[in-house]
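# Structure at a glance
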Amino acid sequence: EFTPSMEQDAQDRRLLLRDLRQGLDEGEFTLHYQPIVHMQSGRTVKAEALLRWHHSVRGQVSPAQFIPLAEDSGLVAALGGWVLKTAALQLRQWHDAGHPELMMAVNLSARQFQRGVVQQQVEDALVVSGIPPSKLELELTESALLHDGEAVTGVLRQLKALGVKLSI
């Protein structure tokens, strides 16, 4: 039975989806970079790109709220492509500033694999930024491997052939 609270939840979801599309168009997303430090040397060896959304009215929107919506709606492909390109360009800046040893880690969604765009987006990010493929690490959730395992495995082989690092 459909209840008023279910109707409200559906309405809230529709509004958030509209805002998500608009936020993507209007550049409301940013990446924050979490340093990964080598314990023995104390040196930063990698940064992990973390997606953040600052909505003009809602303020900070939790990734736990907008990532599943982006995945369900198909917007994750556009968002993921933006993340890859932006993170790769940031890494290029750090390399040019005298830190060529740094790596960048980017999380990939299982849905990005299902939409078949990951390899092209990775290639585009590498070309645009000019970073060495070995300095890009793609982090996959275990669920990415569970969905259409054969197709995902094929894409992973191609990504590995490009020279990027993969971690689960």
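Everything in this summary refers to the structure shown in the same document. The shown structure was predicted, so the numbers you read here are calculated from the model rather than taken from an experiment. (Residues numbered from 1 in each chain as written. Predicted model: local features only at pLDDT ≥ 70, side-chain atom pairs only at ≥ 80, totals over all residues. Heavy atoms only, no water.)

## A short note on the overall build of the chain
What counts is decided by this rule: The helix count covers DSSP runs of H or I at least four residues long, the strand count covers runs of E at least two residues long, and both are numbered beginning at the N terminus. Three exposure classes are used, based on accessible area relative to the maximum for each residue type with a 1.4 Å probe and protein chains only: buried under 20%, partly exposed in between, and exposed over 50%. Whether two residues are in contact is decided by their heavy atoms: any pair within 4.5 Å suffices. Positive residues here are Lys and Arg, negative ones are Asp and Glu, while His and the chain termini are left out of the count. Here the site of a charge means atom NZ of a Lys, CZ of an Arg, CG of an Asp or CD of a Glu.
The helix and strand inventory of the chain stands at seven helices and six strands. Listed by position from the N terminus, the elements making up the chain come as α-β-β-β-α-α-β-α-α-β-α-α-β. Residues classed as buried in the chain amount to 38% of the 168 residues present. For the chain, the proportion of contacts with a sequence separation of at least 24, taken over those separated by at least 6, is 69%. A distance of 6 Å separates the average location of the 16 positive side-chain charges in the chain from that of its 20 negative side-chain charges.

## Description of the side chain of S129
Note the following rule: As used in this structure description, the phrase polar contact means that two N or O atoms lie within 3.5 Å; if the pair is within protein, one of them must be able to donate a hydrogen and the other to accept it, and residues adjacent in sequence are counted only when both atoms belong to side chains.
Among the secondary structure elements, S129 is positioned in helix α5 (residues 118-129). On the basis of relative accessible area, S129 is assigned to the buried category, the value being 5%. Reaching out from S129, the side chain makes a polar contact with the backbone nitrogen of I131 at a distance of 3.2 Å.

## Focus on the packing of helix α1 (residues 4-25) against helix α2 (residues 63-73)
Which entries qualify depends on this criterion: In this analysis an axis means a line fitted to C-alpha atoms, helices contributing only their contacting stretch, and an angle means the value between N-to-C directions, from 0 to 180 degrees. Every angle not falling under 35 degrees, over 145, or within 65 to 115 is termed oblique; those three ranges are roughly parallel, roughly antiparallel and roughly perpendicular. Charged means Asp, Glu, Lys or Arg here, nonpolar means Ala, Val, Leu, Ile, Met, Phe, Trp, Tyr, Cys or Pro, and polar covers whatever is left, Gly included.
One way to put it is that α1 packs onto α2 with a least axis distance of 10 Å and a crossing angle of 85°. Here α1 lies roughly perpendicular to α2, going by the angle between them. On α2, the residues that touch R13, L16, L17 and L20 of α1 are Q65, F66, L69, A70, D72 and S73. A breakdown of the residues in the contact of α1 with α2 according to their chemical character gives six nonpolar, two polar and two charged.

## Thoughts on the environment of S41
Along the chain, the position of S41 falls in the loop between β1 (29-37) and β2 (44-55). At a separation of 3.1 Å, a polar atom in the side chain of S41 contacts the side chain of H38. At a separation of 3.2 Å, a polar atom in the side chain of S41 contacts the main-chain amide nitrogen of R43.

## With respect to the pattern of salt bridges
Rules: Put simply, a salt bridge is a Lys or Arg side-chain nitrogen that is within 4 Å of an Asp or Glu carboxyl oxygen.
With the rule as written, the count across this model stands at seven salt bridges. One connected set of salt bridges, linked through shared partners, spans R18, D19 and R58.

## Observations concerning the layout of surface pockets
Applicable threshold: Throughout, the protein atoms alone are placed on a 1 Å grid, and a set of points is a cavity if a 1.4 Å probe fits but cannot get out or a pocket if it is open with protein on both sides within 12 Å along at least five of seven lines; lining residues have an atom within 4 Å of a point. Grid points are joined across faces, edges and corners, and a volume is the space filled by probe spheres set on the points.
Approximately 380 Å³ is the volume found for the largest pocket. Lining the largest pocket are 19 residues, with I67, N107, L108, S109 and Q112 sitting closest to its centre. Of all the secondary-structure elements, those providing two or more residues to the lining of the largest pocket are β2, α2, α3 (76-96), β4 (103-108) and α4 (110-114). Here the lining of the largest pocket is composed, by residue class, of 11 nonpolar, six polar and two charged.

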